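# Observations on the model geometry
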Amino acid sequence: MTELLQDSEKEVSSLTEEKNQLKTSLSSLTRQKDQLDASLSSLTAERNQLKTSLSSLTAERDQLKTSLSSLTREKDQLDASLSSLTAERNQLKTSLSSLTAERDQLKTSLSSLTREKDQLDASLSSLTAERNQLKTSLSSLTAERNQLKTSLSSLTREKNQLDARLIEMTKDRDKLESLSKRTCPAGWIKFSWSCYLLSNRSDSWTNGKSDCQNKGADLMVINSEDEQKFVINSTIASGFSNLDTWIGLSDTEEEKTWKWIDGTPLSYTQWNVSQPDNGGNQNIEEDCAHIKAYNGKWNDLPCGNSLQWICEKKA
Ligand SMILES: [Ca+2]
Ligand SMILES: [Ca+2]
Ligand SMILES: [Ca+2]
């Protein structure tokens, strides 16, 4: 029995010890549970805060995504702008370079223009002086011009008169041309605007004159040296110079006043040496002229002498 008691005592002791241990464990577990409750409560609060944070961060992220997208577009535009600005800058650099060269040339030009301007200033000064002189000259030239205008006016009138005369003279010339084309009758010799005929017989100056008048002519009137030369040189008329021939010149009306038969003034003469002499000392009257056979010069003879004669009429 004792042994049994002993065993029970032992068992009670162990159970008591175990119960104490369990009490201690319970106490510690209760503390532990309180601590866990407190932890759970704070974790729940923390989770709620984190949920709120997550929500706001998500919103923020979405805004950032939107921003990123718009910034990406903006960046692309800026890239394009940069590219075009770079090209523009390169062009500007080129322009700057050429402008710099141009500016240097302009500087050089400016320098030479400045020198030129100084020269021009000097020239201007001398030109001003010259201009003043020219003004004075102009004034006198204006006066001169006015005089010349007056002269011009009178010259114009004169020219008009000359024009009118020219027209008349042209008409005259045309008449003369048509005259010069005229021909002479058969047997007559033409020279200039006249026809000439040597008589085939001899007679007095007066009868010779009548003979010519019967032929519509007159005794020859020598108007010029040409006509004189024609008479003595012409081949066909060479016979003329081999003969003494009456010409239409006489001083019958008034002694020593020689007149051509047609009233032509006596301007050209070809008298032989010492002629006319009215017969000299022979006490005769010599009033009619003839061409001398041997030299073609003129001499006066008595009108009744018998010579051949030369008739002349207009062609
Ligand atoms: Ca004549
Ligand atoms: Ca005489
Ligand atoms: Ca004589």
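Structural notes, computed from the coordinates. Given the structure is predicted, the values throughout are model-derived calculations rather than measurements.

The rules behind each value
- Residues numbered from 1 in each chain as written.
- Chains lettered and ligands numbered in written order.
- Predicted model: local features only at pLDDT ≥ 70, side-chain atom pairs only at ≥ 80, totals over all residues.
- Heavy atoms only, no water.
- Helix = DSSP H or I, 4+ residues; strand = E, 2+ residues; numbered from the N terminus.
- Rg over C-alpha atoms; globule rule 2.2 N^0.38 Å.
- Buried < 20%, exposed > 50% of the residue type's maximum accessible area, 1.4 Å probe, protein only.
- Areas by Shrake-Rupley, 256 points an atom, 1.4 Å probe, with all protein chains shown as cover.
- Lys, Arg positive; Asp, Glu negative; His and termini not counted.
- Charge placed at Lys NZ, Arg CZ, Asp CG, Glu CD.
- Contact = heavy atoms within 4.5 Å.
- Pairing = 2+ DSSP bridges.
- Disulfide = S-S within 2.5 Å.
- Salt bridge = Lys/Arg side-chain N within 4 Å of Asp/Glu carboxyl O.
- Donors = N, O, S within 2.8 Å, 3.2 Å for Na, K, Ca; no water.
- Tetrahedral: all angles 85-135°; square planar, octahedral: opposite > 155°, others 65-115°.
- Arc of directions from axis to C-beta.

### Observations regarding the overall build of the protein chain
A count of helical and extended segments in the protein chain gives four helices and eight strands. On C-alpha atoms alone, the protein chain measures out to a radius of gyration of 78 Å, which is more than a quarter above the 20 Å that the 2.2 N^0.38 rule sets for 315 residues. In terms of overall dimensions, the protein chain has C-alpha extents of about 255 × 55 × 35 Å along its principal axes. The 315 residues of the protein chain split such that 20% are buried. When the accessible surface of the protein chain is split by element, carbon and sulfur atoms take 55% of a total near 23,200 Å². Computed over 40 positive and 46 negative side-chain charges, the separation of the two mean positions in the protein chain equals 4 Å.

### Focus: the environment of Gly248
Residue placement: Gly248 occurs in strand S4 (residues 245–250). On the basis of relative accessibility, which here comes to 1%, the residue Gly248 falls in the buried class. For the pair formed by Gly248 and Ala289, sequence separation is 41 residues and the distance between their alpha carbons is 7.3 Å. For Gly248, the contacting residues outside a window of four places in its chain are Trp205, Leu219, Met220, Lys259, Trp260 and Ile261.

### What to know about the pairing of strand S6 (residues 288–291)
What you see with S6 is no split at all: Cys288 and His290 on one side and Ala289 and Ile291 on the other are buried throughout. Across three bridges, S4 lies against S6 in antiparallel orientation. Along S6, the bridge assignment pairs Trp246 with His290. Sheet analysis places S6 next to strand S7 (residues 298–301), joined by four bridges and oriented antiparallel. Residue Ile291 lies in a different strand from S7, and its bridge partner there is Trp298. Connecting S6 to the antiparallel partner S7 that follows it, the hairpin turn spans six residues, and Gly296 within it adopts a positive phi of roughly 75°.

### Considering the state of the cysteines
Within the structure shown, the criterion is met by three disulfides. Across the disulfide, Cys184 is cross-linked to Cys195 (sulfur-sulfur distance 2.0 Å). Residues Cys184 and Cys195 are joined through a disulfide that is left-handed, its torsion about the S-S bond being -85°. Of this pair, Cys184 sits in the loop between helix H1 (2–180) and strand S1 (189–191) while Cys195 is found in strand S2 (residues 194–198), placing the two residues eleven residues apart along the sequence. For Cys184, a relative accessible area of 19% corresponds to the buried category. For Cys212, the disulfide goes to Cys311, at an S-S distance of 2.0 Å. One disulfide, between Cys212 and Cys311, carries an S-S torsion of -90° and so falls in the left-handed class.

### Brief notes about the pattern of salt bridges
Applying the stated criterion to the full structure yields twelve salt bridges. Among the salt bridges present, the one from Glu177 reaches Arg173, with a minimum N-O distance of 3.9 Å. One end of the pair is Glu177 and the other is Arg173, both in helix H1 and four residues apart, which spans about a single turn. Taking relative accessible area as the criterion, Arg173 reaches 45% and is therefore assigned partly exposed. The shortest N-O distance in the salt bridge between Asp211 and Lys215 comes to 2.8 Å. Connected via shared salt-bridge partners are Arg173, Asp174 and Glu177.

### Notes on the coordination of the calcium ion (ligand 3)
Looking at the metal site, the calcium ion (ligand 3) is ligated by Gln275 (OE1), Asp277 (OD), Glu286 (OE), Asn299 (OD1), Asp300 (O) and Asp300 (OD), spaced 2.1 to 2.6 Å from it. With six donor atoms in place around the calcium ion (ligand 3) and angles of 60 to 151° between them, the coordination shape is irregular. Read from N- to C-terminus, the donor residues coordinating the calcium ion (ligand 3) fall into the pattern Q-x1-D-x8-E-x12-N-D. Looking at Asp277, the relative accessible area reads 30%, which means it is partly exposed.

### Focus: helix H2 (residues 205–214)
Turning to H2, its buried residues are Trp205, Gly208, Asp211 and Cys212. Along the axis of H2, the buried residues cluster in a sector spanning 120°; they form a single face. In the stretch just after H2, Gly216 is the one whose phi turns positive, near 75°.

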